[in-house]
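Observations on the three-dimensional arrangement
Below are the chains, spelled out letter by letter.
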Amino acid sequence: MSKYAICQCYFTRNFFVDQLQTHCLFASTPQFLHDYADLIRNLGQDELKSILKDLAHERDRRRNLINGLSSVRETIRTNYKRKHPGIFNFQESRMLDERFSELVTEARNKRALDKITHHGRGVFSFPAFTPDFCQELVDELNSIEHHPNLPLNRPNTMNKYGTALDDVGFTNVVDTLRQEFIQPLCDRLYKDERFQLDSHKAFTVKYLDNDFKNDEGLAIHFDNAEVTLNVALTENFDGGEVVFHGRSSNGLNQQPPPIGINHEVGQGILHLGCQLHEALPITNGTRVNLIIWMRSSKHRNLRCPMCLEKPILEEVSCGYGDGFTMHQSQNDEHSH
Ligand SMILES: O=C(O)CCC(=O)C(=O)O
Ligand SMILES: [Fe+2]
(Lines give C-alpha, C1' and ligand atoms only; values in the text may rest on other atoms or scores of the structure.)
(Ligands and ions follow the chains in the order given, each with its own letter.)
Protein backbone atom coordinates (compact mmCIF):
# COMPACT_ATOMS: atom_id res chain seq x y z
CA MET A 1 0.00 0.00 0.00
CA SER A 2 1.19 3.53 -0.64
CA LYS A 3 1.17 5.80 2.37
CA TYR A 4 -0.92 8.32 0.44
CA ALA A 5 -4.61 8.83 0.97
CA ILE A 6 -7.74 10.68 -0.10
CA CYS A 7 -10.26 12.37 2.18
CA GLN A 8 -13.60 10.60 2.12
CA CYS A 9 -15.27 13.86 1.14
CA TYR A 10 -13.94 13.05 -2.35
CA PHE A 11 -17.00 10.83 -2.77
CA THR A 12 -19.58 13.44 -1.79
CA ARG A 13 -18.23 16.95 -2.25
CA ASN A 14 -17.33 19.19 -5.08
CA PHE A 15 -19.48 17.70 -7.81
CA PHE A 16 -19.44 20.24 -10.62
CA VAL A 17 -22.89 20.61 -12.17
CA ASP A 18 -22.59 22.11 -15.64
CA GLN A 19 -26.21 23.24 -15.84
CA LEU A 20 -25.85 25.15 -12.55
CA GLN A 21 -22.22 26.20 -13.20
CA THR A 22 -21.36 25.44 -9.60
CA HIS A 23 -19.90 22.78 -7.33
CA CYS A 24 -22.40 20.84 -5.23
CA LEU A 25 -22.51 18.44 -2.32
CA PHE A 26 -24.00 15.08 -3.33
CA ALA A 27 -24.32 12.72 -0.39
CA SER A 28 -27.72 11.43 -1.53
CA THR A 29 -30.56 12.41 -3.87
CA PRO A 30 -32.87 13.72 -1.09
CA GLN A 31 -30.01 15.79 0.38
CA PHE A 32 -29.25 17.28 -3.06
CA LEU A 33 -32.91 18.13 -3.78
CA HIS A 34 -33.22 19.73 -0.35
CA ASP A 35 -29.96 21.71 -0.33
CA TYR A 36 -30.27 23.07 -3.87
CA ALA A 37 -34.04 23.59 -3.94
CA ASP A 38 -33.66 27.27 -4.88
CA LEU A 39 -31.23 26.62 -7.71
CA ILE A 40 -33.19 23.79 -9.32
CA ARG A 41 -36.67 25.26 -8.88
CA ASN A 42 -36.95 26.43 -12.49
CA LEU A 43 -35.47 23.37 -14.15
CA GLY A 44 -37.63 20.98 -16.15
CA GLN A 45 -38.11 17.36 -14.99
CA ASP A 46 -35.86 16.03 -17.72
CA GLU A 47 -33.09 18.43 -16.93
CA LEU A 48 -33.24 17.54 -13.23
CA LYS A 49 -33.26 13.83 -14.05
CA SER A 50 -30.22 14.31 -16.21
CA ILE A 51 -28.38 16.21 -13.43
CA LEU A 52 -29.13 13.43 -10.94
CA LYS A 53 -27.98 10.80 -13.38
CA ASP A 54 -24.74 12.69 -13.99
CA LEU A 55 -24.16 13.06 -10.25
CA ALA A 56 -24.58 9.33 -9.60
CA HIS A 57 -22.38 8.59 -12.55
CA GLU A 58 -19.67 10.94 -11.28
CA ARG A 59 -19.79 9.35 -7.79
CA ASP A 60 -19.33 5.89 -9.35
CA ARG A 61 -16.59 7.18 -11.64
CA ARG A 62 -14.64 8.46 -8.64
CA ARG A 63 -14.92 5.12 -6.81
CA ASN A 64 -13.86 3.17 -9.90
CA LEU A 65 -11.02 5.55 -10.53
CA ILE A 66 -9.55 5.01 -7.06
CA ASN A 67 -10.03 1.23 -7.20
CA GLY A 68 -8.81 0.78 -10.76
CA LEU A 69 -5.88 3.18 -10.91
CA SER A 70 -3.01 0.71 -10.83
CA SER A 71 -4.59 -1.42 -13.53
CA VAL A 72 -5.24 1.68 -15.71
CA ARG A 73 -1.61 2.78 -15.37
CA GLU A 74 -0.30 -0.69 -16.09
CA THR A 75 -2.50 -1.07 -19.19
CA ILE A 76 -1.33 2.28 -20.56
CA ARG A 77 2.30 1.43 -19.81
CA THR A 78 2.17 -1.88 -21.64
CA ASN A 79 -0.04 -0.87 -24.59
CA TYR A 80 1.22 2.55 -25.55
CA LYS A 81 4.38 3.08 -27.57
CA ARG A 82 5.88 6.45 -26.75
CA LYS A 83 6.39 8.84 -29.63
CA HIS A 84 8.91 11.12 -27.91
CA PRO A 85 10.47 8.80 -25.29
CA GLY A 86 12.95 11.53 -24.29
CA ILE A 87 10.30 13.68 -22.61
CA PHE A 88 9.48 10.96 -20.07
CA ASN A 89 12.82 11.57 -18.34
CA PHE A 90 13.56 14.92 -16.83
CA GLN A 91 16.14 16.90 -18.82
CA GLU A 92 16.64 20.41 -17.64
CA SER A 93 18.19 21.96 -20.75
CA ARG A 94 15.66 20.39 -23.10
CA MET A 95 12.57 21.13 -21.05
CA LEU A 96 13.11 24.28 -19.07
CA ASP A 97 13.47 27.81 -20.38
CA GLU A 98 16.97 29.00 -19.40
CA ARG A 99 15.44 31.92 -17.58
CA PHE A 100 13.52 29.52 -15.35
CA SER A 101 16.73 27.70 -14.39
CA GLU A 102 18.34 31.06 -13.63
CA LEU A 103 15.35 32.16 -11.62
CA VAL A 104 15.54 29.05 -9.44
CA THR A 105 19.28 29.59 -8.90
CA GLU A 106 18.52 33.16 -7.83
CA ALA A 107 15.86 31.88 -5.44
CA ARG A 108 18.21 29.28 -3.92
CA ASN A 109 21.00 31.84 -3.49
CA LYS A 110 18.69 34.46 -2.01
CA ARG A 111 19.47 36.90 -4.81
CA ALA A 112 16.99 39.38 -6.28
CA LEU A 113 14.46 37.66 -8.55
CA ASP A 114 14.41 39.64 -11.75
CA LYS A 115 12.97 37.01 -14.09
CA ILE A 116 9.56 36.79 -12.51
CA THR A 117 6.50 39.05 -12.66
CA HIS A 118 4.36 39.51 -9.57
CA HIS A 119 0.80 40.25 -10.61
CA GLY A 120 -0.35 40.77 -7.02
CA ARG A 121 -1.93 38.48 -4.38
CA GLY A 122 0.77 35.85 -4.71
CA VAL A 123 0.19 35.29 -8.43
CA PHE A 124 3.49 35.10 -10.34
CA SER A 125 4.44 34.41 -13.94
CA PHE A 126 7.74 33.51 -15.58
CA PRO A 127 9.05 31.77 -18.70
CA ALA A 128 8.90 28.07 -17.71
CA PHE A 129 9.23 25.62 -20.60
CA THR A 130 10.98 25.69 -23.96
CA PRO A 131 8.62 25.94 -26.97
CA ASP A 132 10.06 22.64 -28.28
CA PHE A 133 9.15 20.79 -25.11
CA CYS A 134 5.62 22.29 -25.15
CA GLN A 135 5.19 21.09 -28.70
CA GLU A 136 6.52 17.60 -28.08
CA LEU A 137 4.32 17.24 -25.03
CA VAL A 138 1.19 18.32 -26.93
CA ASP A 139 2.11 15.97 -29.76
CA GLU A 140 2.66 13.04 -27.38
CA LEU A 141 -0.63 13.70 -25.62
CA ASN A 142 -2.49 13.89 -28.95
CA SER A 143 -1.07 10.54 -29.83
CA ILE A 144 -2.14 9.12 -26.46
CA GLU A 145 -5.65 10.59 -26.76
CA HIS A 146 -6.10 9.19 -30.26
CA HIS A 147 -4.94 5.72 -29.35
CA PRO A 148 -7.94 3.43 -29.93
CA ASN A 149 -7.89 1.45 -26.70
CA LEU A 150 -6.29 3.09 -23.72
CA PRO A 151 -8.39 3.36 -20.53
CA LEU A 152 -7.89 7.12 -20.14
CA ASN A 153 -9.33 8.97 -17.16
CA ARG A 154 -10.58 12.53 -17.49
CA PRO A 155 -8.05 15.01 -16.08
CA ASN A 156 -10.06 16.23 -13.06
CA THR A 157 -13.60 16.65 -11.84
CA MET A 158 -14.11 19.96 -13.69
CA ASN A 159 -12.58 19.42 -17.12
CA LYS A 160 -13.66 16.71 -19.53
CA TYR A 161 -10.87 17.10 -22.06
CA GLY A 162 -7.19 16.70 -21.44
CA THR A 163 -4.96 14.00 -19.99
CA ALA A 164 -4.08 12.83 -16.48
CA LEU A 165 -0.29 12.99 -16.80
CA ASP A 166 0.46 10.74 -13.84
CA ASP A 167 -1.54 7.96 -15.49
CA VAL A 168 0.49 8.08 -18.69
CA GLY A 169 4.00 8.02 -17.22
CA PHE A 170 4.98 11.58 -16.26
CA THR A 171 5.12 11.24 -12.47
CA ASN A 172 8.93 11.14 -12.30
CA VAL A 173 9.33 14.17 -14.53
CA VAL A 174 6.88 16.16 -12.44
CA ASP A 175 8.49 14.94 -9.18
CA THR A 176 11.83 16.41 -10.27
CA LEU A 177 10.23 19.64 -11.44
CA ARG A 178 8.37 19.97 -8.14
CA GLN A 179 11.22 19.05 -5.80
CA GLU A 180 14.15 20.76 -7.48
CA PHE A 181 12.59 23.80 -9.12
CA ILE A 182 9.16 24.71 -7.77
CA GLN A 183 9.98 24.01 -4.11
CA PRO A 184 12.91 26.47 -3.87
CA LEU A 185 10.82 29.06 -5.69
CA CYS A 186 7.91 28.57 -3.29
CA ASP A 187 10.23 28.73 -0.27
CA ARG A 188 11.18 32.17 -1.46
CA LEU A 189 7.82 33.45 -2.78
CA TYR A 190 5.47 32.06 -0.14
CA LYS A 191 7.75 32.38 2.90
CA ASP A 192 4.87 32.72 5.32
CA GLU A 193 3.11 29.59 4.20
CA ARG A 194 6.16 27.26 4.36
CA PHE A 195 4.76 24.54 2.15
CA GLN A 196 6.67 21.29 1.91
CA LEU A 197 5.36 20.04 -1.40
CA ASP A 198 5.57 16.25 -1.24
CA SER A 199 3.14 15.17 -3.96
CA HIS A 200 1.18 16.44 -6.92
CA LYS A 201 -1.56 15.81 -9.42
CA ALA A 202 -0.55 16.76 -12.96
CA PHE A 203 -2.85 17.00 -15.96
CA THR A 204 -3.56 18.97 -19.08
CA VAL A 205 -6.79 20.82 -19.74
CA LYS A 206 -7.94 21.20 -23.30
CA TYR A 207 -10.45 23.70 -24.63
CA LEU A 208 -11.78 23.66 -28.19
CA ASP A 209 -14.05 26.26 -29.74
CA ASN A 210 -15.48 24.17 -32.54
CA ASP A 211 -17.97 21.94 -30.80
CA PHE A 212 -20.63 22.97 -28.31
CA LYS A 213 -20.05 19.79 -26.30
CA ASN A 214 -16.47 20.76 -25.51
CA ASP A 215 -15.16 22.75 -22.58
CA GLU A 216 -14.54 26.30 -23.77
CA GLY A 217 -13.53 27.82 -20.46
CA LEU A 218 -13.53 27.03 -16.77
CA ALA A 219 -15.83 28.54 -14.15
CA ILE A 220 -14.50 30.22 -11.04
CA HIS A 221 -13.01 27.76 -8.54
CA PHE A 222 -10.13 27.08 -6.19
CA ASP A 223 -7.78 24.13 -6.62
CA ASN A 224 -7.36 21.02 -4.51
CA ALA A 225 -3.75 22.09 -4.08
CA GLU A 226 -1.55 24.21 -1.84
CA VAL A 227 0.30 25.64 -4.85
CA THR A 228 -0.54 25.39 -8.55
CA LEU A 229 1.64 25.77 -11.64
CA ASN A 230 -0.25 26.47 -14.87
CA VAL A 231 1.79 26.45 -18.10
CA ALA A 232 0.38 27.35 -21.52
CA LEU A 233 1.34 24.71 -24.08
CA THR A 234 -0.36 26.16 -27.17
CA GLU A 235 -0.91 29.61 -28.65
CA ASN A 236 -3.28 29.12 -31.57
CA PHE A 237 -6.40 30.44 -29.84
CA ASP A 238 -8.20 33.66 -28.94
CA GLY A 239 -9.60 34.48 -25.51
CA GLY A 240 -8.80 32.07 -22.67
CA GLU A 241 -7.44 34.65 -20.26
CA VAL A 242 -6.81 33.32 -16.74
CA VAL A 243 -8.47 35.61 -14.20
CA PHE A 244 -7.64 35.66 -10.49
CA HIS A 245 -9.91 36.86 -7.73
CA GLY A 246 -9.34 36.78 -3.96
CA ARG A 247 -8.84 33.85 -1.63
CA SER A 248 -11.63 31.31 -1.31
CA SER A 249 -11.97 32.17 2.40
CA ASN A 250 -13.12 35.70 1.46
CA GLY A 251 -16.39 34.47 -0.03
CA LEU A 252 -17.67 35.35 -3.49
CA ASN A 253 -19.27 38.64 -2.46
CA GLN A 254 -16.14 40.20 -1.06
CA GLN A 255 -13.75 39.88 -3.94
CA PRO A 256 -11.05 42.39 -4.82
CA PRO A 257 -10.69 43.63 -8.44
CA PRO A 258 -9.78 40.73 -10.75
CA ILE A 259 -6.28 40.21 -12.13
CA GLY A 260 -6.27 38.94 -15.73
CA ILE A 261 -3.29 37.24 -17.33
CA ASN A 262 -2.92 36.42 -20.99
CA HIS A 263 -0.85 33.30 -21.30
CA GLU A 264 1.99 32.88 -23.78
CA VAL A 265 3.27 29.51 -24.84
CA GLY A 266 5.79 28.15 -22.30
CA GLN A 267 4.84 30.73 -19.69
CA GLY A 268 4.09 29.45 -16.19
CA ILE A 269 1.71 31.01 -13.70
CA LEU A 270 2.34 30.08 -10.08
CA HIS A 271 -0.42 30.71 -7.54
CA LEU A 272 -1.81 29.47 -4.26
CA GLY A 273 -4.46 26.79 -4.63
CA CYS A 274 -6.88 28.75 -2.44
CA GLN A 275 -6.78 31.75 -4.80
CA LEU A 276 -10.08 31.81 -6.70
CA HIS A 277 -9.60 31.81 -10.45
CA GLU A 278 -11.24 31.01 -13.76
CA ALA A 279 -10.28 30.55 -17.40
CA LEU A 280 -12.36 32.70 -19.75
CA PRO A 281 -13.86 30.94 -22.78
CA ILE A 282 -11.80 30.73 -25.93
CA THR A 283 -13.42 32.15 -29.06
CA ASN A 284 -11.23 30.43 -31.59
CA GLY A 285 -8.66 27.61 -31.86
CA THR A 286 -7.46 25.08 -29.30
CA ARG A 287 -5.99 25.86 -25.92
CA VAL A 288 -4.00 23.25 -23.98
CA ASN A 289 -2.50 24.03 -20.59
CA LEU A 290 -0.45 21.92 -18.23
CA ILE A 291 -1.71 22.15 -14.67
CA ILE A 292 0.24 20.84 -11.69
CA TRP A 293 -1.61 20.85 -8.39
CA MET A 294 1.10 20.55 -5.74
CA ARG A 295 0.26 19.27 -2.29
CA SER A 296 1.78 19.49 1.17
CA SER A 297 0.68 16.55 3.31
CA LYS A 298 1.85 18.29 6.45
CA HIS A 299 -0.51 21.13 5.71
CA ARG A 300 -3.56 19.28 4.40
CA ASN A 301 -3.45 16.42 6.93
CA LEU A 302 -4.60 19.02 9.46
CA ARG A 303 -7.48 20.32 7.36
CA CYS A 304 -8.82 19.11 4.03
CA PRO A 305 -9.05 22.08 1.64
CA MET A 306 -12.21 20.66 0.07
CA CYS A 307 -14.40 19.92 3.13
CA LEU A 308 -12.49 22.29 5.44
CA GLU A 309 -12.49 19.68 8.18
CA LYS A 310 -9.94 17.27 9.57
CA PRO A 311 -9.72 14.78 6.71
CA ILE A 312 -11.20 11.31 7.11
CA LEU A 313 -8.49 9.35 5.37
CA GLU A 314 -8.81 6.42 3.04
CA GLU A 315 -5.54 4.89 1.92
CA VAL A 316 -5.00 4.52 -1.83
CA SER A 317 -3.22 1.52 -3.32
CA CYS A 318 -1.61 3.45 -6.17
CA GLY A 319 -0.34 6.98 -6.73
CA TYR A 320 -0.50 10.06 -4.53
CA GLY A 321 -4.23 10.03 -3.76
CA ASP A 322 -5.15 13.61 -2.95
CA GLY A 323 -1.84 14.24 -1.22
CA PHE A 324 -2.85 13.28 2.32
CA THR A 325 -0.64 10.80 4.15
CA MET A 326 -1.55 8.08 6.62
CA HIS A 327 0.14 8.28 10.00
CA GLN A 328 2.18 5.24 10.86
CA SER A 329 -0.36 4.06 13.46
CA GLN A 330 -3.19 4.28 10.92
CA ASN A 331 -1.07 2.28 8.49
CA ASP A 332 -0.45 -0.37 11.13
CA GLU A 333 -4.13 -0.62 11.93
CA HIS A 334 -4.79 -1.30 8.27
CA SER A 335 -2.22 -4.02 7.92
CA HIS A 336 -3.44 -6.09 10.91
O1 LIG B 1 -7.35 26.59 -18.00
C2 LIG B 1 -6.68 27.16 -17.17
O3 LIG B 1 -5.77 27.93 -17.47
C4 LIG B 1 -6.96 26.97 -15.71
C5 LIG B 1 -7.19 25.54 -15.33
C6 LIG B 1 -7.37 25.43 -13.85
O7 LIG B 1 -7.51 26.40 -13.16
C8 LIG B 1 -7.40 24.11 -13.19
O9 LIG B 1 -7.45 23.10 -13.90
O10 LIG B 1 -7.37 24.07 -11.96
FE1 LIG C 1 -7.59 25.85 -11.14
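Each value, and the rule that gives it
- Residues numbered from 1 in each chain as written.
- Chains lettered and ligands numbered in written order.
- Predicted model: local features only at pLDDT ≥ 70, side-chain atom pairs only at ≥ 80, totals over all residues.
- Heavy atoms only, no water.
- Disulfide = S-S within 2.5 Å.
- Donors = N, O, S within 2.8 Å, 3.2 Å for Na, K, Ca; no water.
- Phe/Tyr/Trp six-rings, centres within 6.5 Å; stacked < 30°, edge-to-face > 60°.
- Helix = DSSP H or I, 4+ residues; strand = E, 2+ residues; numbered from the N terminus.
- Buried < 20%, exposed > 50% of the residue type's maximum accessible area, 1.4 Å probe, protein only.
- Pairing = 2+ DSSP bridges.
- Polar contact = N/O pair within 3.5 Å; in protein donor to acceptor, adjacent residues only side chain to side chain.
- Contact = heavy atoms within 4.5 Å.
- Axes fitted to C-alpha atoms, helices over the stretch in contact; angles between N-to-C directions.
- Near = heavy atom within 4 Å.
- Areas by Shrake-Rupley, 256 points an atom, 1.4 Å probe, with all protein chains shown as cover.
- Core = buried A, V, L, I, M, F, W, Y, C linked by side-chain atoms within 4.5 Å.

- The protein is annotated in an unreviewed UniProt entry as Fe2OG dioxygenase domain-containing protein of Tigriopus californicus.

Re the state of the cysteines
- By the definition in use, this model includes 0 disulfides.
- Counting only cysteine sulfurs, Cys7 is the nearest neighbor of Cys9, a cysteine outside any disulfide, at a range of 3.6 Å.
- As a non-bridged cysteine, Cys318 has Cys7 as the owner of its nearest cysteine sulfur, 20 Å distant.

Comments concerning the coordination of the iron ion (ligand 2)
- Surrounding the iron ion (ligand 2) are the protein donor atoms His221 (NE2), Asp223 (OD) and His277 (NE2), which sit 2.1 Å from the metal.
- Written as a sequence motif, the donor residues of the iron ion (ligand 2) are H-x1-D-x53-H.

Looking at the packing of aromatic side chains
- Taken as a whole and assessed by the stated rule, the structure comprises 12 aromatic pairs.
- Where Phe88 meets Phe170, the ring centres are 4.3 Å apart and the plane angle is 20 degrees; that geometry is what we call stacked. In this pair, Phe88 sits in the loop between helix H3 (45-79) and helix H4 (92-95) while Phe170 sits in the loop between helix H6 (131-145) and helix H7 (171-189), placing the two residues 82 residues apart along the sequence.
- Look at Phe170 and you get buried, because its relative accessible area is 2%.
- Ring geometry for Phe90 against Phe181: centres 5.5 Å apart, planes inclined by 35 degrees, an arrangement best described as tilted. In this pair, Phe90 is assigned in the loop between H3 and H4 and Phe181 in helix H7, connecting sequence segments 91 residues apart.

Re the sheet that holds strand S1 (residues 4-7)
- Pairing is antiparallel in the open sheet, where 3 strands are placed in the order S15-S1-S16. One side of each edge strand has no neighbouring strand; the edge strands of this open sheet are strand S15 (313-315) and strand S16 (324-325).
- Pairing of S1 with S16, which is carried by 2 bridges, proceeds in the antiparallel orientation. What sits directly across from Ala5, in S16, is Phe324.

A word on the side chain of Asn153
- Along the chain, Asn153 falls in the loop between H6 and H7.
- Polar contacts involving the side chain of Asn153 include one to the side chain of Asp167, which spans 3.0 Å.
- When sequence neighbours within four positions are dropped, the list of residues in contact with Asn153 reads Leu65, Leu69, Val72, Ala164 and Asp167.

So, the sheet that holds strand S13 (residues 275-279)
- Taken in spatial order, the 4 strands of this open sheet run S7-S13-S10-S11, and their pairing is antiparallel. In the strand order of this sheet, the two ends are held by strand S7 (218-221) and strand S11 (259-261), each with one partner. Each adjacent strand pair in this sheet contributes to an overall mean axis angle of 20 degrees, direction not counted.
- Sheet topology note: the strand S10 (residues 242-247)/S11 ladder contains 3 bridges and is antiparallel. Across the sheet, the residue bridging to Val243 is Gly260, located in S11.

Concerning the site of ligand 1
- Around ligand 1 sit 16 residues, and of these Tyr207, Asp223, Asn230, His277 and Arg287 come closest.
- The side chain of His221 places a nitrogen or oxygen atom 3.1 Å from an oxygen atom of ligand 1.
- Note that an oxygen atom of ligand 1 is positioned 3.3 Å from one of the side-chain N or O atoms of Trp293.
- When isolated, ligand 1 has an accessible area of 290 Å², and the protein chains bury 99% of it.
- Broken down by secondary-structure element, the contributors of at least two residues to the shell around ligand 1 are strand S6 (199-208), S7, S13 and strand S14 (282-295).
- Ranked by the residues each element gives to the shell around ligand 1, the list is headed by S14, at 4 residues.

Some words on the nonpolar core
- Counting residues in hydrophobic clusters, the biggest one holds 48 residues, and the most contacted among them are Phe100, Phe129 and Leu270.
- At the level of elements, H3, helix H5 (98-108), strand S5 (123-127), H6, H7, strand S8 (227-232), strand S12 (267-272) and S14 are the ones that each hand at least two residues to this core.
- If sequence neighbours within four positions are ignored, Phe129 has contacts with Met95, Leu96, Asp97, Cys134, Leu177, Val231, Leu233, Gly266 and Leu290.
- Listed in part, the 12 residues of the second largest apolar core include Phe15, Tyr36, Leu52 and Leu55.

Quick notes on the side chain of Thr325
- Relative to the elements of secondary structure, Thr325 occurs in strand S16.
- Look at Thr325 and you get buried, because its relative accessible area is 9%.
- Looking at Thr325, its side chain comes within polar contact range of the side chain of Asn301, at 2.8 Å.
- Excluding anything up to four places from it in sequence, Thr325 contacts Lys3, Tyr4, Ser297, Asn301 and Leu313.

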